[in-house]
Amino acid sequence: MAGGSGARLGRDCPKQFLKVAGKLIIEHTIDVFEGHDKVDEIAVVCKEEYAAQIEALILKNRYKKLRKILVGGKERYHSSLSAIAAYEDDDDNLIFHDAVRPLVTARIIDDCVEALERYRAIDVAVKTTDTIIAVDSDSTILDIPPRALLYNGQTPQCFKRGLIRQAYELALQDPAFSTTDDCGVVKRYMPEEPIYVVKGENFNMKVTYAEDLFLLDKLFQLKSIQEHGMQLHECAKEQMTDKVIVVFGGSYGIGKEVTDLASELGGVVYPFSRSLNGVNVVDSASVSRALAEVYAERGRIDCVVCTAGVLVRQPLENMSYEQISNSVAVNYVGCVNVAKESMRYLDESDGALLFYTSSSYTRGRMMYSIYSSTKAAIVNLTQALSEEWAERHIRVNCINPERCDTPMRRSNFGLEPKDSLLDPKRVAVVSINTLMSKLTGEVIDVKIDEA
């Protein structure tokens, strides 16, 4: 259901066509259903002027299940009627979902499909955490219903096609009919029909107001941690076999752990660094030669990882201009060089590019202002390139590890308690999961307490 105008968001562009975490909101939503094995077909209901954008998304993302683009109407229920009319078999299971709820989970969809074997109408909801009050026209309280009985409705809402068709046929005979909720139509005009409630998720939010975009972006980041940061995924193990991976900064620290793990999983890994083979990410020609050599030998490059970095722990006033220039060059310009030189190879392979930031990127820290500011720049670079390269099917992501037990940290902080630091092997696991995933434009936290 993608017919919303975005008026409450205060934007000219409908909210479902805004970008969050590297993709349009509606792309994230379609991806969930496209990848679900119990969904046979997807239809998007939108305003006629946006149909061409949906067509472009089908081609860009190579969607196989998105087979119908339907024209909605002025009201939400017009879109529902359009969807109902597009199918003929009354035994079909229709799942109505808001395009602006991109964080719907496979578990919710599973539960809905299972419930449709026993019920003809399904809603999704979560228990309310707020006290709900009913007020009159003068804004005085009429009632305070018991919170234990109250839930916040979400989507999907699911129906046997015959049931929702019949409910709307009855509703349209009512001159006073008005609704924004399909389950509400069934409840009002077919009150004898039980509507089963599937447990939703607090994550499954609807984008309505401008501040929701900031929250949604952070929720995508947390979702990435949950889905890609726990253990090495079986699918990642399988996909890694024979992948050609280039790791800049691959001689020590996180880079070496990524190199070792990828090799163990059957990847063909080429590590590069100044100490290992004289490759300096600051020198674009050096980066170009390294990539060309790998391509000449293997005929493709599937993934490029850049872990190269340098930390000078001093206040700005004490840093020499040479130190400042080198910090910016290694930590930021080096990543730009790697990205620019890698693009043509990753374009050919539909590959992945992976950067690394620092937990200091969200707020600059004294004593390493240059380092933290370059790491903030890496996050911006990741997000920008993920959009620039989306149609090339190049995935660009960034790992954000907490303080990590690496030679670079030890040289600046000395010996610290092991249990206060993140094991770089843990970061390598998250890195491999991310490289083998469909994620793009995301910053993925790796936290010590999850190790």
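Use the structure listed above.
Residues numbered from 1 in each chain as written. Predicted model: local features only at pLDDT ≥ 70, side-chain atom pairs only at ≥ 80, totals over all residues. Heavy atoms only, no water.

Engineer: What is the right way to read the overall build of the protein chain from this model?
Structural biologist: Each helix and strand counted, the protein chain has 15 helices and 16 strands in total. By principal-axis analysis of the C-alpha atoms, the protein chain measures approximately 80 × 50 × 40 Å. Burial status across the protein chain gives 50% buried among its 451 residues. Considering only contacts within the protein chain whose residues lie at least 6 apart along the sequence, 72% involve residues at least 24 apart. Of the roughly 21,800 Å² of accessible surface on the protein chain, a fraction of 49% belongs to carbon and sulfur atoms. One finds the centroid of the 53 positive side-chain charges in the protein chain at a distance of 3 Å from the centroid of its 65 negative side-chain charges. (Helix = DSSP H or I, 4+ residues; strand = E, 2+ residues; numbered from the N terminus. Buried < 20%, exposed > 50% of the residue type's maximum accessible area, 1.4 Å probe, protein only. Contact = heavy atoms within 4.5 Å. Areas by Shrake-Rupley, 256 points an atom, 1.4 Å probe, with all protein chains shown as cover. Lys, Arg positive; Asp, Glu negative; His and termini not counted. Charge placed at Lys NZ, Arg CZ, Asp CG, Glu CD.)

Engineer: Please explain unusual backbone geometry as it appears in this structure.
Structural biologist: Both trends apply: most residues other than glycine have a negative phi, and most peptide bonds are in trans. The peptide bond linking Thr 155 to Pro 156 adopts the cis configuration, its omega dihedral lying at 15°. On the secondary structure map, Pro 156 appears in strand E9 (residues 151-160). Phi angles above zero are rare outside glycine, and Asp 350 is one such case at about 55°. With respect to the helices, strands and loops of the structure, Asp 350 is situated in the loop between helix H12 (321-349) and strand E14 (352-356). Here Asp 350 falls in the partly exposed class, since its relative accessible area comes to 26%. Its identity as a non-glycine residue notwithstanding, His 393 has a phi of 60°, on the positive side. Tracing the backbone through its elements, the reader meets His 393 in the loop between helix H13 (369-388) and strand E15 (395-401).

Engineer: Sorry, what's going on with the side chain of Glu 34 here?
Structural biologist: In this fold, Glu 34 is placed in helix H1 (residues 25-34). Here Glu 34 sits buried without a salt bridge, and the closest side chain of opposite charge, Lys 65, lies 6.2 Å off (N-O distance). (Salt bridge = Lys/Arg side-chain N within 4 Å of Asp/Glu carboxyl O.)

Engineer: How should the side chain of Asp 302 be read in this particular structure?
Structural biologist: Structurally, Asp 302 can be placed in the loop between helix H11 (284-298) and strand E13 (303-306). There is a polar contact of 2.8 Å between the side chain of Asp 302 and the backbone nitrogen of Val 244. Non-local contacts of Asp 302, meaning those with residues more than four positions away in its chain, are made with Asp 242, Lys 243, Val 244, Leu 346, Ser 349, Gly 351 and Ala 352. (Polar contact = N/O pair within 3.5 Å; in protein donor to acceptor, adjacent residues only side chain to side chain.)

Engineer: Is there a simple way to explain a nonpolar patch on the surface in this structure?
Structural biologist: Residues Ile 133, Val 135, Ile 141 and Ile 144 make up a contiguous nonpolar surface patch of about 350 Å² in total accessible area. The residue Ile 133 is located in the loop between strand E6 (121-127) and strand E7 (134-135) in this model. (Patch = residues over 30% accessible without salt bridge, like charges linked within 9 Å, V, L, I, M, F, W, Y side chains within 5 Å.)

Engineer: When you look at the sheet that holds strand E5 (residues 93-96) in this model, what are you seeing that I'm missing?
Structural biologist: Hydrogen bonds along the backbone pair up the strands of a sheet, which may run parallel or antiparallel. Taken in spatial order, the four strands make up an open sheet running E5-E9-E6-E10, and their pairing is mixed. Pairing within the sheet leaves two strands with one partner each, and these edge strands are E5 and strand E10 (196-199). Direction aside, neighbouring strands of the sheet carry axes that sit 30° apart on average. Along the sheet, helix H4 (residues 106-115) contacts E5, E6, E9 and E10; its crossing angle with E10, the most-contacted strand, is approximately 155°. The sheet contacts of helix H5 (residues 161-171) involve E5, E6 and E9, and relative to E9 the element is tilted by about 110°. (Pairing = 2+ DSSP bridges. Axes fitted to C-alpha atoms, helices over the stretch in contact; angles between N-to-C directions.)

Engineer: Explain the sheet that holds E14 to me, please; I cannot follow it from the model alone.
Structural biologist: Pairing is parallel in the open sheet, where six strands are placed in the order E12-E11-E13-E14-E15-E16. Each edge of the open sheet carries a strand with a single partner, namely strand E12 (268-272) and strand E16 (443-446). Strand-to-strand twist across the sheet, computed as the mean angle between neighbouring axes with direction ignored, equals 20°. Summarising the sheet, E13 and E14 pair through three bridges and their orientation is parallel. Bridged to Val 305 within E14 is Leu 354. Sitting on the sheet, helix H15 (residues 424-435) touches E13, E14, E15 and E16, and the angle it makes with E15 is about 160°.

That's the geometry; what it means functionally is another story.
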